[in-house]
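# An overview of the molecular structure
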Number of protein chains: 2
Amino acid sequence: MKTLIIVAHPQLDESVTQQFFYESTRSLVDVTWQVTGEQVDIAKMRQLLLEHDRIIWQFPLYWYSAPALLKQWIDEVLGDTFALAPEYVLAGKQLGLVVTTATSAADFGAGRSEHFTMSEILRPFEAIATKLKMHYLPPFVVHQFAYQTDKQHQRLLIKYQQYLTLTDFSFAARSQWLSERLGNLGQRLDGKDRLVVQAVQERLQDNRDELADLNWTISMMKQEEDNQDG
Amino acid sequence: MKTLIIVAHPQLDESVTQQFFYESTRSLVDVTWQVTGEQVDIAKMRQLLLEHDRIIWQFPLYWYSAPALLKQWIDEVLGDTFALAPEYVLAGKQLGLVVTTATSAADFGAGRSEHFTMSEILRPFEAIATKLKMHYLPPFVVHQFAYQTDKQHQRLLIKYQQYLTLTDFSFAARSQWLSERLGNLGQRLDGKDRLVVQAVQERLQDNRDELADLNWTISMMKQEEDNQDG
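These numbers were taken from a predicted model, which means no experiment stands behind them. (Residues numbered from 1 in each chain as written. Chains lettered and ligands numbered in written order. Predicted model: local features only at pLDDT ≥ 70, side-chain atom pairs only at ≥ 80, totals over all residues. Heavy atoms only, no water.)

## Comments concerning the interface of chain A and chain B
Taken together, the contacts link 28 residues of chain A with 28 residues of chain B. The contact between chain A and chain B buries some 2,400 Å² in all, and 69% of this surface belongs to carbon and sulfur atoms. Inspection of the region where chain A meets chain B yields 4 salt bridges. The partner of Glu120 of chain B in a salt bridge is Arg123 of chain A, and the shortest N-O contact between them spans 3.9 Å. Connecting chain A to chain B are 10 residue pairs in polar contact (both at pLDDT 80 or more). At the level of secondary structure, the elements contributing two or more residues to the side of chain A that touches chain B comprise α3 (68-78), α4 (118-121) and α5 (123-131) of chain A. With 7 residues, α5 of chain A is the largest single contributor of residues to the side of chain A that touches chain B. Split into classes, the residues belonging to the side of chain A that touches chain B amount to 15 nonpolar, 6 polar and 7 charged. (Contact = heavy atoms within 4.5 Å. Buried area = accessible area lost by both parts, 1.4 Å probe. Salt bridge = Lys/Arg side-chain N within 4 Å of Asp/Glu carboxyl O. Polar contact = N/O pair within 3.5 Å; in protein donor to acceptor, adjacent residues only side chain to side chain. Helix = DSSP H or I, 4+ residues; strand = E, 2+ residues; numbered from the N terminus. Nonpolar A, V, L, I, M, F, W, Y, C, P; charged D, E, K, R; others polar.)

## Some thoughts on the relation of the copies chain A and chain B
For the pair chain A and chain B, the superposition axis carries a translation of 0.1 Å, the fit reaches an RMSD of 0.1 Å, and the rotation angle comes to 180°. Expressed as a symmetry operation, the mapping of one chain copy onto the other fits a two-fold axis. Taking C-alpha positions as reference, the residue of chain A nearest the rotation axis is Ala68 of chain A, located at 2.5 Å. Looking at chain A, 100% of its interface residues are interface residues in chain B too, so the copies touch through the same face. (Least-squares fit on C-alpha atoms with pLDDT ≥ 70 in both.)

## Considering empty space enclosed by the protein
Within the structure shown, the criterion is met by 3 cavities of 30 Å³ or more. One number sums up the size of the largest cavity: a volume of about 150 Å³. Every residue lining the largest cavity is counted, 19 residues in all, and those nearest its centre are Tyr64 and Ser65 of chain A together with Ser65, Pro124 and Phe125 of chain B. Secondary-structure elements contributing two or more residues to the lining of the largest cavity are α5 of chain A together with α3 (68-78) and α5 (123-131) of chain B. Class assignment for the residues of the lining of the largest cavity results in 15 nonpolar, 2 polar and 2 charged. Of the volumes computed, that of the second largest cavity is approximately 40 Å³. What lines the second largest cavity is Leu49, Ile55, Trp57, Trp73, Leu78, Leu90, Leu95, Leu132 and Met134 of chain B. At the level of secondary structure, the elements contributing two or more residues to the lining of the second largest cavity comprise β3 (54-60) and α3 of chain B. (1 Å grid on protein atoms, 1.4 Å probe; cavity = no way out; pocket = protein on both sides within 12 Å on 5 of 7 lines; lining within 4 Å. Points joined across faces, edges and corners; volume = space filled by probe spheres on them.)

Next comes the structure, spelled out in structure tokens:
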């Protein structure tokens, strides 16, 4: 799976958060980092869209929407007919959003200071995905990056990399993803350290097996219930 | 009441709809028509905002939002602190939207080709109004202007002028507004024509009086019910 990130930030060089994201992607293969500025190369952007499976629009939330820079990209690249009927050239691809905001997660929603949920605020993007017959991914929202601890940043890095690269976001897929990365790490270690990594990997595999067993048991129980009801 | 219209349209000169709107405002006093382009005079725009009571953002719907031109205006003019706490300099003013779309009204909503209602699509603007403690007016949406008949255009002209100038949108206020315009017309006519206009004016006044009577009766009935319940 190939992922395209369109980064739209009016003060990109000054953004610690975007720098963090950029560093997080450098070790990833099949991830294209594309910054957009005042001039948009429409033909090139359309080609990039066609070549990737997951499209990510990454931006700071300005006045309950993307900065004008991204809207310009959308207006110009999507245009009047590209990706619409009858060909729908982006159909089946995924659309994700990576949204940063200086406002706390607790402030969004009815009766709170931002009044609306992030789902409501980002609805126009969901409408675009739906119109183009793309799959709209749950938005990846980062609240108050600057106030987060180092540990939170480490967890954010993993979640962000997973958002870009995991083919699905199930518990099993996330566990498998971590296990693979541990495997890569283990190969670069010697002796006792390597044994520790292998032990953790085995434990993760046990967890996944147990989870699969439980899911199977539950599905069997449901099936029996259905049979009894019928 | 003073009304400011911020017009954002990337092809303004080619837009028949915007030309129609412009002509509709020429006879109106206390209405300021302000076109926005790539350069935004932030200080001047803020001054205009402060000097007017009703702010209208007027734009064609592009990809379920305003064109980048308007988003740029919003990002730059509202900025980071203007109109926010603690002064909230726009508090109590009204925010209206005049939105044009080539899509039919019947296509908006769940299960339809646009999937979402116009209220949902325009939610980020409602969020801005709410954040700034402004009154969000019901958006004025014009569907498929080019397909409308002359008669529909005439009705649209009246409704548009009312959206810009009426202090409230009640039936009585709209009737009063029409009556005043008839009065102006009557003064420019002679003889029989003038009598006709006066007769229509009287009829409108009768309607308003009857409406007021009915509303009064209903409120009395409710009050009696409340007394009985208590």
